[in-house]
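A look at the structure
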Amino acid sequence: MKILGLETSCDETAAATLQITNPKFPLDSLRPLGACRQISKLKIQILSNIVSSQIEIHQKYGGIVPEVAARQHVESIIPVLQEALGYKIQDTTNKIQTNLKSQIPNLKQISNPNPRFNRGQISKPDLIAVTQGPGLITSLQVGLQTAKTLSYVWNVPLIGVNHLEAHLWSFLLNQDTRYNQPFDRLRAYRQETNKLQTSNFKPQTLFPAIGLIVSGGHTEMALVKKIGQYKLIGRTRDDAAGEAFDKVAKLLGIGYPGGPIVSHFAKKGDPAKIDFPRPMIDSDDLDFSFSGLKTAVKYYLKDLIPSGSLSQAMINDICAGFQQAVTEVLVAKTIKAAQKFKVKSVIVGGGVSANEALIENLRLKTENLGITFYHPSKEFTQDNAAMVALAGYFKLKTASENNWQKLTAEPNLLLEY
Ligand code: KG4
Ligand code: ZN
């Protein structure tokens, strides 16, 4: 089946189309919930995965301005959608089309589509999946209203997706898990040449799992009993992990978003030079707190600046020390949860899961405990609509009727149901 995904929860306007086939289980008898064996049978093909990022627009403010983000979503959504579908959804002339596209910031295909796929061939999809929340209400509305309109006009079922749930399953979009059928030539080629990492995806090692979502707006940890069953066991009490990276970068005046820049400088710094606090690392619960860490960086800078200007070497050490502190807390709490609930796997997702230090630490610690570790490849860590389409597929059971009238934006959705 073909699924169109739409994502506008924050500052990325995204649309993607997936072709999902499940050879063993015909669509009618599909029972996605709890079906970990079925996941291994899924064949997920990304037909298109288009993202227009507003980063440059928000850079001058050092953070996302909700009103500006929503307006840009309105401008971008139709061209992004048309790129993803491979045809115009309204009868506009080529001239208008070209102009429209040229106004859209950073319009790009973020992952390799199936080379044999002719984009113009996507007729209307079999299902539309749209991010319902959490996120900025005005941004969410743009994707939601677009999806509702398409659902009504095409008479195609519509499913609302939890953005955090979409991040959680984004690792299934990785090349090595995407083509995981025994007869798949691509995988066979990989195993033969051993050039690329082969899939370590073993569905029997998946559940129960600890799911850690770390992004610019969220730091949430859930016990995942199966697909669609989540118990929230920890969350940040103040700033999200990505937000802390962004704020520290702002303090250092090194740009926005902070995560990629801080981690870049951190590579050249000494993580042991400055001993920043590890907030709540020994607390009994599984919650997080990152605002004190940001304040510690602020006071460190305050003490430092009167004695001279900030050298690049100092910036590198601050970035390394800060990243080390965030990583240690995230890893310690995740491992604590993994042991407490005796899980088989740890799954991480969200923008901060692009952080190599975090991934390496989690990989090491889980390996030592014999726990399987799943994380998205870099291209799927950022907000995208392919992950939304996939999460929509997992909620298929609830899409028996076309309920576009009933869907509402839910800005405060949690990963718990
Ligand atoms: O998931 P995402 O694209 O959007 C939200 O849903 O929030 O996450 C964006 C966040 C930003 O705060 C950004 O600074 C952070 O992810 N980020 C990183 C890295 N790359 C992006 N944080 C740490 N290290 C990175 N390499
Ligand atoms: Zn996100």
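Scroll up a little and you will see the structure.
This is a predicted model, so every value here is computed, not measured.

Attention now moves to unusual backbone geometry. With an omega of -10°, the peptide bond between Gly133 and Pro134 qualifies as cis. Of note, the bond from Phe207 into Pro208 is cis; its omega dihedral lies within 30 degrees of zero at -5°. If you check the backbone angles, Asn155 has positive phi at about 55° while not being a glycine. Tracing the sequence through the fold places Asn155 in the loop between helix 5 (137–154) and strand 6 (158–162). In this structure Asn155 comes out as exposed when scored by relative accessible area, which is 58%. Phi angles above zero are rare outside glycine, and Met280 is one such case at about 60°. Within the secondary structure layout, Met280 lies in the loop between helix 10 (258–266) and helix 11 (291–304).

The next subject is the sheet that holds strand 2 (residues 12–21). One open sheet accounts for 6 strands, arranged 4-3-2-1-5-6; its pairing is mixed. This sheet does not close on itself; its edge strands, each paired only once, are strand 4 (107–109) and strand 6. Between one strand and the next, the sheet's axes are offset by a mean angle of 20°, whatever the strand orientation. As defined by bridge partners, strand 1 (residues 2–7) adjoins strand 5 (residues 127–133) across 4 bridges and the pair is classed as parallel.

What follows concerns the site of ligand 1. The environment of ligand 1 is formed by 20 residues, the closest being Gly216, Asp246, Gly259, Gly351 and Asn355. A distance of 3.4 Å is found between a nitrogen atom of ligand 1 and a side-chain nitrogen or oxygen belonging to Ser263. Look at ligand 1: alone it shows 560 Å² of surface, and the protein chains cover 88% of it. Contributing elements (two or more residues each) for the shell around ligand 1: helix 6 (163–168), helix 9 (241–252) and helix 10. If one sorts the elements of the shell around ligand 1 by residue count, helix 10 sits on top with 4 residues. Along the lines of polarity and charge, the residues of the shell around ligand 1 split into 5 nonpolar, 13 polar and 2 charged. Mapped onto the domain boundaries, the shell around ligand 1 takes at least three residues apiece from domain 1 (2–199 + 378–405) and domain 2 (206–374).

Cut-offs applied
- Residues numbered from 1 in each chain as written.
- Chains lettered and ligands numbered in written order.
- Predicted model: local features only at pLDDT ≥ 70, side-chain atom pairs only at ≥ 80, totals over all residues.
- Heavy atoms only, no water.
- Helix = DSSP H or I, 4+ residues; strand = E, 2+ residues; numbered from the N terminus.
- Buried < 20%, exposed > 50% of the residue type's maximum accessible area, 1.4 Å probe, protein only.
- Pairing = 2+ DSSP bridges.
- Axes fitted to C-alpha atoms, helices over the stretch in contact; angles between N-to-C directions.
- Near = heavy atom within 4 Å.
- Polar contact = N/O pair within 3.5 Å; in protein donor to acceptor, adjacent residues only side chain to side chain.
- Areas by Shrake-Rupley, 256 points an atom, 1.4 Å probe, with all protein chains shown as cover.
- Nonpolar A, V, L, I, M, F, W, Y, C, P; charged D, E, K, R; others polar.
- Domains from an automatic or database assignment.

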